[in-house]
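Now for the letters of each chain:
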Amino acid sequence: VPVPVVAVPEPVLPAAVPAPAPASAPMVTPVVALRPTGVAAMDWDELRAAVSSCRACTLCERRKQTVFGVGHPQAQWMLIGEAPGEQEDLQGEPFVGKAGQLLDNMLRAVGLTRSEAPAHEQVYIANVLKCRPPQNRNPEPQEVAQCEPYLLRQIALVQPKLILAMGRFAVQSLLKTGEPIGRLRGRVHEVQGVPVVVTYHPAYLLRNPLDKARSWEDLCLAREVMAGKLR
Ligand code: URA
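This one's a predicted model, so the numbers in the text were calculated from it and none came from an experiment.

Student: Would you explain the sheet that holds strand E5 (residues 189–191) in this entry?
Tutor: Pairing between the strands of a sheet is mediated by backbone hydrogen bonds and can be parallel or antiparallel. Taking strand neighbours across the sheet as the criterion, the six strands line up as E1-E3-E2-E4-E6-E5 in an open arrangement whose pairing is mixed. The sheet is open, and its two edges are formed by strand E1 (70–71) and E5, each paired on a single side. Running at roughly 170 degrees to strand E2 (residues 77–81), helix H4 (residues 141–158) makes contact with E2, strand E3 (124–127), strand E4 (162–166), E5 and strand E6 (194–199) of the sheet.

Now the structure itself:
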């Protein structure tokens, strides 16, 4: 029996819809997906999981792992840096490279540590960005904007008595200002009700050791704030 041949016109796809991938194409995870909602209400476990699976900016493409933070979850001192570098990306912990060694020495000088200790001695350290920018380039504004809710939630969960913001990016993105560090040092700022003291980034101090004296002044200011002498 002859089968009637009916000409079926090719469906016309709207221009914006990409052609479907051939069946043999490998599965590709979308590079940029929406950041999970509800970050501001997450507990530590939820926040850690949200960060480790985050694909809200293109930094997720090249990271070895996310770098969440380290230290006491109820620390009195919270230190905030810029973004993971090569060593941090490999080890999954903030400030483990050369700058981190300097930071550990500075902390030791004021009786603090990142290692296991009571909450008044053990700090909490986090970065503005949780993923390494390629070649350690400066963070882009949209990367900072995507990552910021995670840091704000970390601050809310730790509820530190003091934040030490280290380096231009941490300082300017936390304080929402374009002013240089030199103009922001020496006084007490505030984020989410927490006093903030501003200082140089340890990596900057490695390149400019003469400014270590100024960073010591900043640590002394931070100690005075902690002692309740200043607010
Ligand atoms: N620089 C930062 O700002 N953070 C790190 O974790 C390492 C280097």
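The discussion continues.
Student: When you look at the site of the ligand in this model, what are you seeing that I'm missing?
Tutor: Taken together, Gly81, Glu82, Ala83, Glu88, Pro94, Phe95, Asn127 and His201 make up the full set of residues near the ligand. A distance of 3.0 Å separates a nitrogen atom of the ligand from a polar backbone atom of Ala83. Here His201 contributes a side-chain N or O atom positioned 2.7 Å from an oxygen atom of the ligand. Protein burial of the ligand: of its 230 Å² of free accessible surface, 90% is covered by the chains.

Student: I tried to follow the pairing of E6 on my own but got confused; where do I start?
Tutor: Both faces of the sheet carry side chains from a regular strand, because those side chains alternate between them. Counting buried positions along E6 gives six out of six residues, so the element sits mostly inside the fold. The alternating pattern of E6 places Val194, Val196 and Val198 on one face and Pro195, Val197 and Thr199 on the opposite face, and all of these are buried. As defined by bridge partners, E5 adjoins E6 across three bridges and the pair is classed as antiparallel. The residue bridging Glu190 from the neighbouring strand is Pro195, located in E6.

Student: Just checking my understanding: could you explain the nonpolar core for this structure?
Tutor: Considering soluble globular proteins, one finds that nonpolar side chains tend to be buried as a cluster. Met78, Leu79, Ile80 and Ile155 are the most contacted members of the largest nonpolar core, which has 61 residues in total. What Ile80 contacts, discounting residues up to four positions off in sequence, is Ala126, Asn127, Val128, Leu151, Ile155, Ile163, Leu164, Ala165, Met166, Ala170 and Leu174.

Conventions and cut-offs
- Residues numbered from 1 in each chain as written.
- Predicted model: local features only at pLDDT ≥ 70, side-chain atom pairs only at ≥ 80, totals over all residues.
- Heavy atoms only, no water.
- Pairing = 2+ DSSP bridges.
- Helix = DSSP H or I, 4+ residues; strand = E, 2+ residues; numbered from the N terminus.
- Contact = heavy atoms within 4.5 Å.
- Axes fitted to C-alpha atoms, helices over the stretch in contact; angles between N-to-C directions.
- Near = heavy atom within 4 Å.
- Polar contact = N/O pair within 3.5 Å; in protein donor to acceptor, adjacent residues only side chain to side chain.
- Areas by Shrake-Rupley, 256 points an atom, 1.4 Å probe, with all protein chains shown as cover.
- Buried < 20%, exposed > 50% of the residue type's maximum accessible area, 1.4 Å probe, protein only.
- Core = buried A, V, L, I, M, F, W, Y, C linked by side-chain atoms within 4.5 Å.

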